[in-house]
Amino acid sequence: MLESIKEFASTFFVTGDPLIYGADVSIALTSLAILFVLTYYKKWGWLWREWLTTVDHKKIGIMYLIASLLMLFRGGVDALLMRAQLALPGVEFLHAEHYNEIFTTHGTIMIFFMAMPMMFALFNIVVPLQIGARDVAYPFLNAVSFWLFMMGAMLFNISFVIGGSPNAGWLSYPPLSEMSHNPGPGQNFYIWGIQISGIGSLATGINFLVTILKMRAPGMKLMKMPLFSWSVLSSSIMIIFAFPILTVTLALLFIDRYFGAHFFTMTQGGNPMMYVNLIWMWGHPEVYILVIPAFGVFSEIVATFSKKRIFGYKSMVFSMMIISVMSFFTWVHHFFTMGAGADVNAFFAVSTMAIGIPTGVKIFNWLFTMFRGRIQMKTPMLWTIAFVPCFVIGGATGVMLAVAPADYQYHNSYFLIAHFHQVIIGGVVFGYLAGIYYWWPKMFGFSLNEKLGKWAFWFWNIGFYVCFMPQYALGFMGMTRRVYTYGWDLGWAPLNIISSIGALLMGIGFIFQVWQISYSIKHGERDKTGDPWNARTLEWSIPSPAPLYNFAIVPEVKGQDAWWIMKEEMKNGEEPKKAELEPIHMPKNSGIPFIMSVFWFIAGFGFTFTWTWMGVVGLIGVGLCLFARSFQYDTDYYIPVDEVKRTEASLGRVV
Amino acid sequence: MEHAVTHHAHDHHDHHEEHEQLKVLGFWIFLVTDCILFATLFATYVVLRTHTDGGPIGKEIFEVPGFVAETFILLTSSFTSGLATLAMHKGNVKGLIGWLIVTAALGLGFIGLEISEFANMVQEGATISRSAFLSAFFTLVGTHGLHVSVGLLWMIGLMVQLGRYGITTVTKRKITTISLYWHFLDVVWIFLFTVVYLMGVM
């Protein structure tokens, strides 16, 4: 009996690596500390009522944000481990297998569990406030989305102490990810972690599309809508068309692994390149799903801090919509070397280059907005300005990669690594960080310290170039991705050590940000006005943080930059029209999203270890939760006028 | 004062109506995503259709009477679900539940036939792990069958709710969405019938 338990534990838990044991201890201690604090301060009820069951888009946004920052930390540690291993030739820090796991989890976490939730954090926090709505279209579904994401992320992350991490790269190409080459639970963790959170992402796409189409304040025609909301619309459309493909692709891979099917195997008619095509039919739109909202953030920030209307509003809208369509027609450029033939490769080379045109239009619009503006160099604006050259270089190297014949040279080299980090860090991460700085006062009611923010900014920026510029050269020198070590004779050592130093600088930048947040929680400037930046859109017309119902009176929109127009009118002495308060219709909190997602976790965990009984139990639990929700008829309530009046008065507003 | 009260009551009613319409719109968009899901599976099937690895081909395993019967049963169930909606618009709860029972029974018959079709194939050695063609076949048709099964459970849940609450704004919306879903599955089956079965036995 004892023997069999021992044997089970030795395969169930990851053993044999001091790094992992250290992580085990720190995870156990942190969990105990959290349990202790919650119990000691009697916060369990609070946690359940205020957070776990909430359907409020602002709180869901904050939870997304916290989760994404934690994941940024984990993905960042992975990156630093890799750079430590590659700093010099022949380092014996990580062995090959461990290195494979780390580059896999780094990529997967950064895209699925860092970038996606950080994007959803901005969606949730900003969109309803910006369009003058009181919540999203489906608040309950919104909570479901968040908890599915969270449970998927948890499932993926425990793989590193239980069962073993996936090791077939961030897109898990077969045949390496098939049973024949990878029989352990690692790949199943990958499939189920992403599958569960992916369902959540799909639901978010539907939710925000309907929110934007149907919940805008009266007078806000689509062509008067702020550009961030437009970017979310564009991104949601792409989510709706791309994510089902991901769902199917991962499901097929799992069917191969679980039922012994032959979609992507090397034998019995399977076709591994099918997988590569399918995954990139989702994967290429995905990078635009991520970057378009970052473009939206920049458009808001550039206008606010240049004190001007955005230049070329219409062309901004059209270029975003064009990108969202074209992003579905470039996927083959990720594998020109498949050998689809000159005609196919030519089509995808041209479409890839063409998608740079609307992107270029946007860059010029931002520059022209700044031109002759009164620019204020606040942290959000710093990140925006730094983004422009960074993204232009990334875009240019992207066009180099798009030249199909030349790509046979660049393919899977460090040139590619440098390129996509440049567009993803320089575009997506800079954009989201800028957005977080910009909307932070709206979320929490205080600003982040500017001085520490500038330190963080410069460490990040200088670190970025120091880290990735050498990698372009390394690519030309023949260094391919995913190598875990190299020899002195290759001459790659100097550039690699420089690159590792750059990674360290970015790590220091992140530490500054953590410091900045903790410092500002205590000392940050409180935002009493609700409009700390003298900004232009509706979210700044209400107190910070926004009350539960967002708008006591739904605003009347008279044009683009609605809040700016209102401010101008007030300056001219026009009295805002008095509207009568009415009871506000709100959704009730619910525990079902959380409980259902726990059942998804159980199902995912069961199927990961091929414990079918557990998987089935989990799925039955999910079904019962759906039924329970269907039978709930008492799902909303009204906030009475008196309470709205009291809340507004306590926030210093008279209605 | 009295005016204000009626005004509010009216307003509350409007809110509900609006919210229910919003949910129907969301369901339409969900169906779009489901369309993409099936499109991906169809594409996979079409690519792998000829990858039989020396195993059975469509012509050998598809039985014409079986899949024709399935088709007629599912089409009929789509028609009866339409009759259910008509009964709902007339405010006839009994008719509505009655036609839903007929629809569900036909759906159940469809699932039964499909299961026996699959079981026969497996017995003849045409399993999901025999060839890429069969993997794609079982996954595509099975996903449709899974959708129908989920729809059946959902329909039973709604019948109970109808019995409890009668025809209200909320139950009306729920019946609208499930009938959309049911017709959608019917349309998907038409494509399955054509691309998988007819082209398979041709």
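The rules behind these values
- Residues numbered from 1 in each chain as written.
- Chains lettered and ligands numbered in written order.
- Predicted model: local features only at pLDDT ≥ 70, side-chain atom pairs only at ≥ 80, totals over all residues.
- Heavy atoms only, no water.
- UniProt positions renumbered as here; feature names shortened; annotations may be inferred.
- Contact = heavy atoms within 4.5 Å.
- Buried area = accessible area lost by both parts, 1.4 Å probe.
- Salt bridge = Lys/Arg side-chain N within 4 Å of Asp/Glu carboxyl O.
- Polar contact = N/O pair within 3.5 Å; in protein donor to acceptor, adjacent residues only side chain to side chain.
- Helix = DSSP H or I, 4+ residues; strand = E, 2+ residues; numbered from the N terminus.
- Nonpolar A, V, L, I, M, F, W, Y, C, P; charged D, E, K, R; others polar.
- Phe/Tyr/Trp six-rings, centres within 6.5 Å; stacked < 30°, edge-to-face > 60°.
- Lys NZ or Arg CZ within 6 Å of the ring centre and 35° of its normal.
- Buried < 20%, exposed > 50% of the residue type's maximum accessible area, 1.4 Å probe, protein only.
- Domains from an automatic or database assignment.
- Disulfide = S-S within 2.5 Å.

The name given to chain B in an unreviewed UniProt entry is Cytochrome bo(3) ubiquinol oxidase subunit 3, and the organism recorded there is Brevibacillus fulvus. In its Sequence similarities (unreviewed entry) section, the UniProt record describing chain B reads: "Belongs to the cytochrome c oxidase subunit 3 family." In its Subunit (unreviewed entry) section, the UniProt entry covering chain B states "Heterooctamer of two A chains, two B chains, two C chains and two D chains."

Per an unreviewed UniProt entry, chain A goes by Quinol oxidase polypeptide I and derives from Brevibacillus fulvus. For chain A, the Subcellular location (unreviewed entry) comment in UniProt is given as "Cell membrane". One UniProt comment on chain A, placed under Pathway (unreviewed entry), says "Energy metabolism; oxidative phosphorylation."

S.K.: Looking at this structure, I do not really get the interface of chain B and chain A. What am I missing?
M.R.: By convention, interface size is frequently given as the accessible area that disappears when the constituent parts associate. The interface is formed by 42 residues belonging to chain B together with 36 residues belonging to chain A. Taking both sides of the interface into account, the surface hidden between chain B and chain A amounts to around 3,300 Å²; carbon and sulfur atoms contribute 72%. At the boundary of chain B with chain A, the tally comes to 0 salt bridges. Run the count over chain B and chain A and you get 11 residue pairs in polar contact (both at pLDDT 80 or more). For the side of chain B that touches chain A, the secondary structure elements donating two or more residues are helix H1 (2–48), helix H5 (132–165) and helix H6 (169–201) of chain B. Examining the composition of the side of chain B that touches chain A, we find that 22 residues originate from one element, H1 of chain B, more than from any other. Residue composition of the side of chain B that touches chain A, by class: 18 nonpolar, 18 polar and 6 charged.

S.K.: Where do I start with the packing of aromatic side chains in this structure?
M.R.: For any two aromatic rings, the description comes down to two numbers: the centre-to-centre distance and the angle of the planes. All names here are of chain A. Applying the stated criterion across every chain yields a total of 97 aromatic pairs over all chains. Over the aromatic face of Phe160 sits the side chain of Arg74, whose NZ or CZ is 4.6 Å from the ring centroid. Residue placement shows Arg536 over the ring face of Trp564; its charged tip is 4.4 Å from the ring centre.

S.K.: What exactly am I supposed to notice about the pattern of salt bridges here?
M.R.: Side-chain pairs of opposite charge can arise whenever the charged atoms involved come near each other. All names here are of chain A. Enumeration over the complete set of coordinates arrives at 11 salt bridges over all chains. Residue Lys454 is joined to Glu450 by a salt bridge in which the shortest nitrogen-to-oxygen separation is 4.0 Å. Of this pair, Lys454 and Glu450 are both found in helix H16 (residues 450–476), 4 residues apart, which corresponds to roughly one turn of the helix. Lys454 sits in the partly exposed class, given a relative accessible area of 32%. For the salt bridge of Lys558 with Glu569, the shortest nitrogen-to-oxygen distance reads 3.1 Å. With Lys558 in the loop between helix H17 (493–523) and helix H18 (562–571) and Glu569 in helix H18, the pair connects residues that are 11 residues apart, well separated along the chain.

S.K.: How should the domain arrangement of chain A be read in this particular structure?
M.R.: Residue and element names in this part refer to chain A. Examined at the domain level, chain A breaks down into domain 1 (1–42) and domain 2 (43–650). Placing the centre of domain 1 and that of domain 2 at their C-alpha centroids yields a distance of 30 Å. Counting residues at the interface gives 16 residues for domain 1 and 16 residues for domain 2. Both faces considered, domain 1 and domain 2 share a buried interface measuring about 1,300 Å² in area, 74% of it formed by carbon and sulfur atoms. Taken together, the connections running from domain 1 to domain 2 amount to 0 salt bridges. On inspection of domain 1 and its partner domain 2, the count reaches 5 residue pairs in polar contact (both at pLDDT 80 or more). Mapped onto the side of domain 1 that touches domain 2, the elements with two or more residues apiece are helix H1 (2–12) and helix H2 (18–40). When residues of the side of domain 1 that touches domain 2 are assigned to their parent elements, the largest contribution, 8 residues, is made by H2. Looking at the side of domain 1 that touches domain 2 residue by residue, the classes come out as 11 nonpolar, 2 polar and 3 charged.

S.K.: Quick question: what am I supposed to make of the state of the cysteines here?
M.R.: As used here, a disulfide is simply a covalent bond connecting the sulfur atoms of two cysteines. With the rule as written, the count across this model stands at 0 disulfides over all chains. In this structure Cys390 of chain A is a free cysteine whose sulfur lies 12 Å from that of Cys467 of chain A, the closest cysteine sulfur available.

S.K.: When you look at the side chain of Asn461 of chain A in this model, what are you seeing that I'm missing?
M.R.: Structurally, Asn461 of chain A is set in helix H16. Among all residues touching Asn461 of chain A, those that are not within four sequence positions of it are Trp383, Ala386 and Phe430 of chain A.

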